[in-house]
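Chain and residue survey
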Amino acid sequence: FKMVEEQKSEPANIVKIAVLNFKILGMQDLESHMKRIETFAVESKAKGAKYLLLPELIVFDMLPINPPDQKMIEYLTALSNLSSEYEGHLKKISMANNLNIIGASAVIKIKNHFINRAFYVASTGSVLYQDKMQPTPWEAKYGFVGEKQVRYFETEDFSFVILTCHDAEFPTISSRLVG
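Below or above, wherever it landed, is the structure these notes cover. A quick note: this is a predicted structure, and the numbers were derived from the prediction, not measured. Counting restarts for each chain: residues are numbered from 1 in the order of the written sequence. Reporting of local features is limited, given that this is a predicted model, to residues whose pLDDT is at least 70; pairs of side-chain atoms are given and counted only at 80 or more, and all residues count toward the totals for whole chains, interfaces and linings. Hydrogens and waters are ignored; side-chain quantities use all the structure's heavy atoms.

Moving on to the nonpolar core. Throughout, nonpolar core names a set of buried Ala, Val, Leu, Ile, Met, Phe, Trp, Tyr and Cys residues whose side chains join them through atoms within 4.5 Å. Remark: exposure states derive from per-residue accessible area (1.4 Å probe, protein chains only) relative to the maximum for the residue type, with buried under 20%, exposed over 50%, and partly exposed in between. If you look at the biggest cluster of nonpolar residues, it comprises 33 residues, and the most contacted ones within it are L54, Y86, L90 and V107. Listed by contribution, the elements that provide at least two residues to this core are α1 (30-46), β2 (51-54), α2 (72-81), α3 (83-96), β3 (100-110) and β4 (113-121). Any pair of residues with heavy atoms lying within 4.5 Å of one another is described as a contacting pair. When sequence neighbours within four positions are dropped, the list of residues in contact with L90 reads M34, I37, L54, I101, A104, F119 and V121. With eight residues, the next largest nonpolar core counts Y51, I102, A118 and F153 among its residues. Only DSSP runs of H or I covering at least 4 residues are called helices, and only runs of E covering at least 2 are called strands; the numbering of each starts at the N terminus.

Below you can see the structure in the form of structure tokens.
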């Protein structure tokens, strides 16, 4: 008896989603950080993925590992100052690889508070986002605020929402959406 190890063709209704478990190296500049993401995007596309799911606050790769508490606001502000450029890089990577990017949340500063913003970057270049609904106690300590509304995203393949931390820390919104 011999097992067939390679499927010759895939059914037309299968959509591949690459999910990245990203190791935070720390102290990366924006260019180095985006080069790492681009490498994962290229690899994901080569493996047939149409979507790349990136983790929450992946931009923390640009901070020191275990930054001192008294400098955290300064670091978060510095990250927020890169947010437009970061979003532009995500858009370029998405379009260059014909790959939809979901997640990859970043720190956004509006007035005197921060937002943890996750992106949906379509391979066409359009960018939509979902701000995190419920800040963690750590985020609240540093002035993060939550969004009041769940955004609904539709693609040609499926519909989805982006809920950051809702699987473990804040499951009630997820539960209400399912029920």
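What follows concerns the pairing of β4. Across the nine residues that make up β4, a large majority, eight, are buried. Direction of pairing for β4 relative to strand β5 (residues 127-131): antiparallel, over a ladder of five bridges. The residue of β5 that forms the bridge with R117 is D131. Strand pairing is assigned whenever DSSP identifies at least 2 bridges connecting the two strands.

Below, the discussion takes up the environment of S80. Tracing the chain through its elements places S80 in helix α2. Between the alpha carbons of S80 and N13 there is a distance of 39 Å; along the sequence they are 67 residues apart. Contact partners of S80, with chain neighbours within four places excluded, come to V107, I108, K109 and F114.

For an α-helix the count is 3.6 residues per turn, leaving residues at separations of three or four pointing the same way. With 14 residues, α3 ought to run about 20 Å at 1.5 Å a step, and its terminal C-alpha atoms sit 20 Å apart, in line with that. For α3, the complete set of buried residues consists of S83, Y86, H89, L90, I93 and S94. Seen from one end, α3 has its buried residues packed into an arc of 135°, which puts them on one side. Exposed residues on α3 whose side chains face more than 90 degrees from its buried face are S84, K92 and A96. Those residues of α3 that are buried are in contact with α1, β2, α2, β3 and β4. Once α3 finishes, N98 follows within two positions and takes phi at roughly 45°, a positive value. Here the expected span of a helix is defined as 1.5 Å times the quantity of residues minus one. Each direction from the helix axis to a C-beta atom contributes to the arc, which is the arc of those directions.

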